[in-house]
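Spelled out from the first residue to the last, the chains are:
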2 protein chains.
Amino acid sequence: MPGNILKVDCFLNHCLDVEFLMGVGREISELFKDRHISKILTIETSGIPIAFAAGHYMNVPVVFAKKKKTGNIADNFYHTQVASYTHGNTYDVIVSKEFINGDDSILLIDDFLAKGNALKGLIDIISQAGATLAGCAIAIEKGFQGGGDELRNMGIRVESLAIIEEMSDNTLRFR
Amino acid sequence: MPGNILKVDCFLNHCLDVEFLMGVGREISELFKDRHISKILTIETSGIPIAFAAGHYMNVPVVFAKKKKTGNIADNFYHTQVASYTHGNTYDVIVSKEFINGDDSILLIDDFLAKGNALKGLIDIISQAGATLAGCAIAIEKGFQGGGDELRNMGIRVESLAIIEEMSDNTLRFR
């Protein structure tokens, strides 16, 4: 669609194709099965189904970070700020300190990776918690927006099940 | 906690106990297995994991209604308004017309049922679509807030896996 928008609401973020998303979760669990993951961290809303499916196959809990508009943040939360490319604003992201700590080895999961701003926010939260970042698993990466390669160049393992190299109003080219 | 707030973020709406929630979904699928459900409808955010788990066992797609702050709503969406007891405001709820139609037999799923305002909004959307309401499945009903019995008195099948009859700062009594 115009403006580099990829319409995925028919299976990923409004109507959920449950068996397809379970398959995405199973594939992610295979990719990271040797990494001793203790928890999955994602961000509401559309990362939740894939993270939940992966959590099922990996047998680990899923924590989802919450988006918050404004206002005070209680000090039992880690928090960071994320710039939204889609909405042109900045929002707060919070995770209760109860659910991530220095013993955790964390797999980040999200549905989309474009500029990587949401992932960088979650990486900041993992760092605040003193936890280990085991890697990032993504359903669809917009490779041409550079966020994935920026993270890979920082030494982070980023696994995207599909990487779109180029998109126009009526074609997609995959890496 | 004070103010009739039940803290469930350790398994239901911040950190997800995936196997427990898969069990909730399996139980819901058993309760409605003879009802020829074609789709599950829930509302973001915390209804999604249970609805996803039930969708897996029932082998049907899950549609999640989106909450919207303000602004114009395109006419390819059903929309309704819901009053929030927890937040003391009103918000718009939308579902794309693409995903629900008159042929659907729909199971509503949500994590909580208190006054029933969110469910009534989703029932309004089902009615706009001309779809059939097969029933409602809920993880935790606050029975003392009356929403569940109000819906049952309207002839709607409401199945709650736990109904809290009374709660104080340190005790829960189940129905």
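Above this text is the structure in question.
Please read these numbers as outputs of a predicted model, since none were measured by experiment.

Asker: Quick question: what am I supposed to make of the interface of chain B and chain A here?
Answerer: Quoted interface sizes are often the accessible area lost when the parts come together. The interface of chain B with chain A comprises 34 residues on the first partner and 34 residues on the second. If you sort the residues of chain B by the area they bury against chain A, His 14, Phe 52 and Phe 99 of chain B come out on top, with a joint share of 26%. The partner of Glu 98 of chain B in a salt bridge is Lys 7 of chain A, with the nearest N and O atoms 3.5 Å apart. Applying the counting criterion to the chain B and chain A interface returns twelve residue pairs in polar contact (both at pLDDT 80 or more). Where the side of chain B that touches chain A is concerned, the elements lending two or more residues are strand E1 (15-16), helix H1 (18-31), helix H2 (48-58), strand E3 (62-68) and strand E5 (89-96) of chain B. Looking at the side of chain B that touches chain A, the element that brings in the most residues is H2 of chain B, giving six residues. Each residue belonging to the side of chain B that touches chain A can be placed in one class, and the counts come to 20 nonpolar, seven polar and seven charged. Sheet analysis places strand E3 (residues 62-68) of chain A next to E1 of chain B, joined by two bridges and oriented antiparallel. Among the inter-strand pairings, Val 62 of chain A is bridged to a residue of E1 of chain B, identified as Leu 16 of chain B.

Asker: How should the pairing of strand E8 (residues 158-167) of chain A be read in this particular structure?
Answerer: Residues in a regular strand project their side chains so that they alternate between the two faces of the sheet. Residue and element names in this part refer to chain A. Examined bridge by bridge, strand E7 (residues 132-142) and E8 share six bridges and lie parallel to one another. Its bridge partner lying in E8, Ala 137 is registered against Glu 159. In the sheet, E8 pairs with strand E9 (residues 172-174) via three bridges, with the strands oriented antiparallel. Following the sheet pairing, Met 167 is matched in E9 by Leu 172. In sequence, E8 turns back onto E9 through a hairpin of four residues.

Asker: Which parts of the structure should I look at to understand the relation of the copies chain B and chain A?
Answerer: Relating one copy of the chain to the other requires a rotation about an axis plus a shift along that axis. Laying chain B over chain A is done by rotating through 180 degrees and shifting 0.0 Å along the axis; what remains is an RMSD of 0.0 Å. In symmetry terms, the pair is related by a two-fold rotation axis. Looking at chain B, 100% of its interface residues are interface residues in chain A too, so the copies touch through the same face.

Cut-offs and rules
- All chains use their own residue numbering, which begins from 1 and follows the written sequence.
- Following the order in which they are written, the chains are lettered starting with A and the ligands numbered starting with 1.
- It should be noted that, the model being predicted, local features are given only for residues of pLDDT at least 70 and side-chain atom pairs only at 80 or more, the latter also being counted only at that level, while totals for whole chains, interfaces and linings use all residues.
- The basis for the side-chain values is all heavy atoms of the structure; hydrogens and waters are excluded.
- By definition, residues are in contact when any of their heavy atoms lie within 4.5 Å.
- Buried surface area refers to the total accessible area, computed with a probe of radius 1.4 Å, that the two partners give up upon joining, counted for both partners together.
- A pairing counts as a salt bridge when a side-chain nitrogen of Lys or Arg comes within 4 Å of a carboxyl oxygen of Asp or Glu.
- Here a polar contact is taken to be a pair of N or O atoms separated by no more than 3.5 Å, where protein atoms must pair a possible hydrogen donor with a possible acceptor and residues adjacent in sequence count only if both atoms sit in side chains.
- Secondary structure elements follow DSSP: runs of H or I no shorter than four residues count as helices, runs of E no shorter than two count as strands, and numbering proceeds from the N terminus.
- Residues are grouped as follows: Ala, Val, Leu, Ile, Met, Phe, Trp, Tyr, Cys and Pro are nonpolar; Asp, Glu, Lys and Arg are charged; all remaining types, including Gly, are polar.
- When DSSP finds two or more bridges between two strands, those strands count as paired.
- Here the copies are matched by least squares. The fit uses the C-alpha atoms of residues with pLDDT of at least 70 in both.

On their own, these measurements won't tell you what the molecule is for.
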